[in-house]
Structure formats: C-alpha cells, structure tokens
Amino acid sequence: MKRLIRVSCMAGVFAAMFAGSASAVVFNGDFEDVSSSNPGLGLVNKRPIDTLASGPGKSWDVYTSIPGWTTAAGAGIEVQTNRTLNSIDAHSGQHYIELDSHPSPNSNSTMQQDVFLSAGRYRLDFWYSPRTGDINTNGIAFSVTGAAPTNNALLSGGVTGPSASNGTSVGAWTMFSAMFAVADVDSPIRLAFSATGSANTLGGFIDDVSISAIPIPAALPLLLTALGGLGFVARRRRQTS
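Just so it is clear, the model here is predicted, and its values are computed rather than measured.

Criteria and cut-off values
- Residues numbered from 1 in each chain as written.
- Predicted model: local features only at pLDDT ≥ 70, side-chain atom pairs only at ≥ 80, totals over all residues.
- Heavy atoms only, no water.
- Helix = DSSP H or I, 4+ residues; strand = E, 2+ residues; numbered from the N terminus.
- Buried < 20%, exposed > 50% of the residue type's maximum accessible area, 1.4 Å probe, protein only.
- Contact = heavy atoms within 4.5 Å.
- Pairing = 2+ DSSP bridges.
- Phe/Tyr/Trp six-rings, centres within 6.5 Å; stacked < 30°, edge-to-face > 60°.

Visitor: Could you clarify how one ought to interpret the side chain of Thr 110 in this entry?
Guide: Along the chain, Thr 110 falls in strand S6 (residues 110-117). What makes Thr 110 buried here is its relative accessible area of 16%. Look past the residues within four positions of Thr 110 in its chain and what remains in contact with it is Thr 70, Thr 71, Ala 72, Ala 73, Ala 192, Phe 193 and Ser 194.

Okay, here's the thing in structure tokens:
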C-alpha cells in the first residue's frame with residue numbers, strides 16, 4: 001500500500017509542477033505599438049503617440065489608453081522615449097512607461113489589460129528601472145487578478161529601487177519574474193501595474209512585459225503513464241497476495 005501511495009503522489013507533484021501547455025502573449029508589452037488612432041492626442045503635451053520618438057517637440061506624453069492598455073486609476077499612462085532622458089533608453093525599441101504621470105497631485109496611476117489564459121501555470125516577466133536615487137519615489141506594484149465576480153488575486157507584488165538587495169540602479173534595467181497559476185479554463189485574467197511611490201511625477205519605469213506558460217516537458221506524459229502503470233501493478237499485487 002505504501003508503494004501505491006508514493007507513486008500517486010509523485011504523479012501529482014509532476015502534474016502540478018508542469019501544468020500549462022499554452023503560450024500567452026501580453027499585447028503591446030514592449031509599448032512599441034504606437035498606433036495614433038487608439039490614444040489620440042496626449043493629455044499634457046497634445047502629442048500624437050506615434051510622433052514622440054521622432055520629434056520634433058516633446059518626447060513624452062500621457063494617455064488615457066494606448067494599444068493594449070487602459071488607465072484604471074490616476075492621471076494616465078505616461079509614454080516616454082529614448083529622447084526623453086539622458087540617463088536611460090528603453091530596454092528594447094524606443095518606448096517605455098512611467099506611471100507616476102503628469103499632472104500632480106493625481107500622478108500615481110494604474111494601467112491594466114485583460115488576457116485570456118487556459119488553466120495552467122504561468123510566469124510574468126517585466127523589466128524595471130528606478131528613475132531617481134530616492135527609493136521612496138520609484139515604487140511599482142504588479143498584480144494578476146482572476147475573473148469577476150470573485151476577482152481572486154492570483155499574484156501580487158512590488159519593486160522599487162535603487163537597492164543593493166534587488167540589484168536595481170538608476171539608468172539600468174533589471175528583469176523581474178513571478179509565477180502564478182490559473183485554475184479555470186479560458187478565464188479572463190487582469191494584469192495591472194501601478195505607481196506606489198511618492199506622487200511627485202518622478203516614478204519607476206517598466207518595459208517589455210510578458211506572460212508565458214510553463215510548458216509540460218515532452219517526456220512527461222510518458223512518465224505519468226509509466227507511473228500510473230506502476231500504481232496499477234502495486235494495487236494488483238496487494239489484492240492478490
């Protein structure tokens with residue numbers, strides 16, 4: 001009997017570790033989709049989003065929505081470009097996001113998008129950089145929330161810097177990763193990022209946001225079949241002994 005229990009537990013552990021076979025893509029996670037028909041003119045500088053990187057004029061602006069993302073709280077989504085600051089460029093491409101957006105005092109903002117995921121385990125990745133040397137102004141919170149009406153929290157956390165504990169420094173990008181699981185098939189999942197530091201329009205930056213499935217190894221179905229067979233043999237021997 002002990003042998004049967006051990007085999008069953010091993011199968012459960014492997015299934016829990018490698019559940020989730022579909023891949024998922026966050027739409028416009030690198031913020032390089034700058035279709036001007038979506039956000040319209042910026043709220044502060046009145047700039048079309050597709051002109052920020054090339055100029056002339058202001059190299060940043062704030063939008064209620066950009067392709068893939070909408071504002072859930074605060075002033076809006078501030079899109080900056082490689083022309084905006086001398087201290088940093090985008091992690092990839094030419095655009096990145098600050099959520100301690102102009103204008104004050106409602107500058108700390110939240111942006112979100114809904115992603116449909118199958119049941120399984122997933123990993124959220126994003127790149128972060130503090131804007132200033134003041135750790136109290138650079139906070140970014142992230143969350144993944146399940147479908148209504150329960151809105152259950154699947155993942156929550158936060159980052160700030162500069163800090164030796166997480167390796168962040170002004171002018172450099174650091175990747176952060178976090179795991180979460182989805183129980184319901186085809187469940188709408190809400191991904192959100194928020195500024196959490198001092199509301200002074202000088203917040204942390206994010207870029208290259210992605211969600212990827214933790215795949216089932218190709219050999220796992222065969223392994224589980226073999227484990228199931230061992231369980232059957234163990235049970236049969238127990239019954240006929």
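Picking up where we left off.
Visitor: For this particular structure, what's the right way to read the sheet that holds strand S11 (residues 187-195)?
Guide: Strands belonging to one sheet form pairs held by backbone hydrogen bonds; the direction of such a pair is parallel or antiparallel. Spatially, the six strands line up as an open sheet ordered S2-S3-S6-S11-S8-S9, and their pairing is antiparallel. Looking at strand neighbours, the two that pair on one side only are strand S2 (65-66) and strand S9 (153-159), the edges of this open sheet. Sheet topology places S6 next to S11; eight bridges connect them, and they run antiparallel. Bridge assignment links Val 115 to a residue of S11, and that residue is Ile 189.

Visitor: What should I look at first to understand the packing of aromatic side chains in this one?
Guide: The geometry of an aromatic ring pair is captured by the separation of the ring centres together with the interplanar angle, meaning the angle of the planes. Scanning the entire structure with this criterion turns up nine aromatic pairs. Plain terms: the ring middles of Phe 126 and Phe 176 are 5.9 Å apart, the flat faces sit at 20 degrees to each other, and that makes the pair stacked. One end of the pair, Phe 126, is in strand S7 (residues 120-129); the other, Phe 176, is in strand S10 (residues 174-182), and 50 residues separate them in sequence. We classify Phe 126 as buried; its relative accessible area is 1%. For Phe 176, a relative accessible area of 17% gives the class buried. Counting every residue linked through ring pairs, the aromatic cluster contains Phe 31, Trp 69, Phe 126, Tyr 128, Phe 142, Phe 176 and Phe 193.

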